[in-house]
Amino acid sequence: LRSPRGPRALPIERGTAVAGPNYESVLEQIAMRGGRLIMLWPGVVAAAVQLGRGSYVALVTPMDAANAVDYGALRNLLEWHVASGTDGVVALGTTGEASTLDAAERDRVLETCVDACRGRVPVVAGTGAIDTRAVVAMGRRAKALGADGTLVVTPYYVKPPQRALEAHFLAVAEAVDLPMVLYNVPGRTGVDLLPETVARLAAHPNVRGIKEATGDNGRVAALRDACGGDLLLYSGEDAMGREFVELGGDGVISVTANVAPAAMARMLRAPAGAAARAIDDSLRPLHEKLFCQANPIPVKYALHRARGLATGIRPPLAPLEAEFHADIDAALAAADAVAVK
């Protein structure tokens, strides 16, 4: 980009750089590409990384043996994901144990993700909560720290009716100027965000996608019929993800991608082909065994075996019992995902 104060070319590592003779032409180019702006310093802007298709890892938060966040291990994981072809990173979700992190830890995890990814892949921050005000506050903080989008789960346990869910998400979309991915996981929250409600929410420009974890791939057609082709549809079910994309979805927000990122990325780029089906078959034991206990208990053990990470996990969760180790080890071997013997 060029500063309005002169023709000095400014290298920008994060996002997509465009050049123009004046500020207005730069804004026009970015708008034509569907872009969003990040103010780097007065007079200098960059286009944020756009959310798109493919394999988005539901990222774990590495912890050491004392259950302290291991930011060095986190940075190494992120570099591995970028090199392996992961299309996006979703941090601070259930898999990332966000509910056990304090505010300072949440900030540092997100800052590490943004800094390590450096605009090469989008970084989406989990900002869901029961209280709408808390969701707004976390979303604004995510924007300030450089996130490219937010993932907002339906308020859990309190079971809002559809009209209340609509009001909740619209309030967040109005207050937080970031692309938002809705998250529908009735098995954990006790409430189902219905396609007709999603269609009304999708009319807001900040509502860019939905993560569907209902276990029903029929939702792809229902959501496409209700919302059209612009809303990004992500599966939250690894075992059904390839078929979800083959049926017209856009990607998977994946736990399996934590330990098999390259395979997940390759599979989702051509999900209907024989090669993709073969990859899916090799990953199926992982898809299943990574949920032999509550997520992220199994995937943290899997990362210990596959990448040598410590097995730290915070209460009320606990490390995976030894009786499940052999199943995870076998699933990793089937996927050719064991790097540490």
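For every chain, the first residue of its written sequence is number 1, and the numbers climb from 1 along that sequence. Predicted model: local features are reported for residues with pLDDT of at least 70 only, side-chain atom pairs are reported and counted for 80 or more only, and whole-chain, interface and lining totals are derived from all residues. Excluding hydrogens and water, the side-chain figures rest on all heavy atoms present in the structure.

Draft legend 1. Spotlight on the packing of helix α2 (residues 71–84) against helix α10 (residues 261–269). The convention used is that axes are lines fitted to C-alpha atoms, helices contributing only their stretch in contact, and that angles between N-to-C directions extend from 0 to 180 degrees. Strands here mean DSSP runs of E at least two residues long; helices mean DSSP runs of H or I at least four residues long; both are numbered from the N terminus. At a closest axis distance of 8 Å, the pairing of α2 and α10 adopts a crossing angle of 35 degrees. Viewed along their axes, α2 and α10 form a crossing whose handedness is right-handed. Residues W80, H81 and S84 of α2 form the contact with α10, whose participating residues are P261, A262 and A265. Left-handed describes a crossing whose near helix is turned anticlockwise from the far helix by less than a right angle; the clockwise case is right-handed. Residue contacts are defined here by distance: any two heavy atoms, one from each residue, within 4.5 Å place the two residues in contact.

Draft legend 2. Structural view of the packing of aromatic side chains. Pairing of aromatic side chains here covers Phe, Tyr and the six-membered ring of Trp, requires ring centres within 6.5 Å, and sorts the geometry by plane angle: under 30 degrees stacked, over 60 edge-to-face, intermediate tilted. Under the definition given, this model contains 1 aromatic pair. Where Y56 meets Y234, the ring centres are 5.2 Å apart and the plane angle is 50 degrees; that geometry is what we call tilted. A residue pair is termed long-range when its members are at least 10 positions apart, and Y56 in strand β3 (residues 54–58) and Y234 in strand β9 (residues 232–235) qualify at 178 residues. The residues Y56 and Y234 share a single accessibility class, namely buried. The residue whose ring lies beneath R108 is Y71, and the NZ or CZ to ring-centre distance is 3.8 Å. Two conditions define a charge sitting above a ring: the NZ of Lys or the CZ of Arg must be within 6 Å of the ring centre, and it must be within 35 degrees of the ring normal. The positively charged end of R307 is found above the aromatic ring belonging to W80, 4.0 Å away from the centroid. Throughout, exposure labels follow a simple rule: accessible area from a 1.4 Å probe, protein chains only, divided by the maximum for the residue type, with under 20% read as buried, over 50% as exposed, and the rest as partly exposed.

Draft legend 3. Summary view of the nonpolar core. By nonpolar core is meant a set of buried Ala, Val, Leu, Ile, Met, Phe, Trp, Tyr and Cys residues that side-chain atoms within 4.5 Å join together. Counting residues in hydrophobic clusters, the biggest one holds 82 residues, and the most contacted among them are L110, L182, L283 and L286. Setting aside residues no more than four positions away along its own chain, L283 makes contact with T256, A260, A263, M264, M267 and A335. Core analysis: the second largest hydrophobic core is formed by 14 residues, V90, L151, Y183 and I253 among them.

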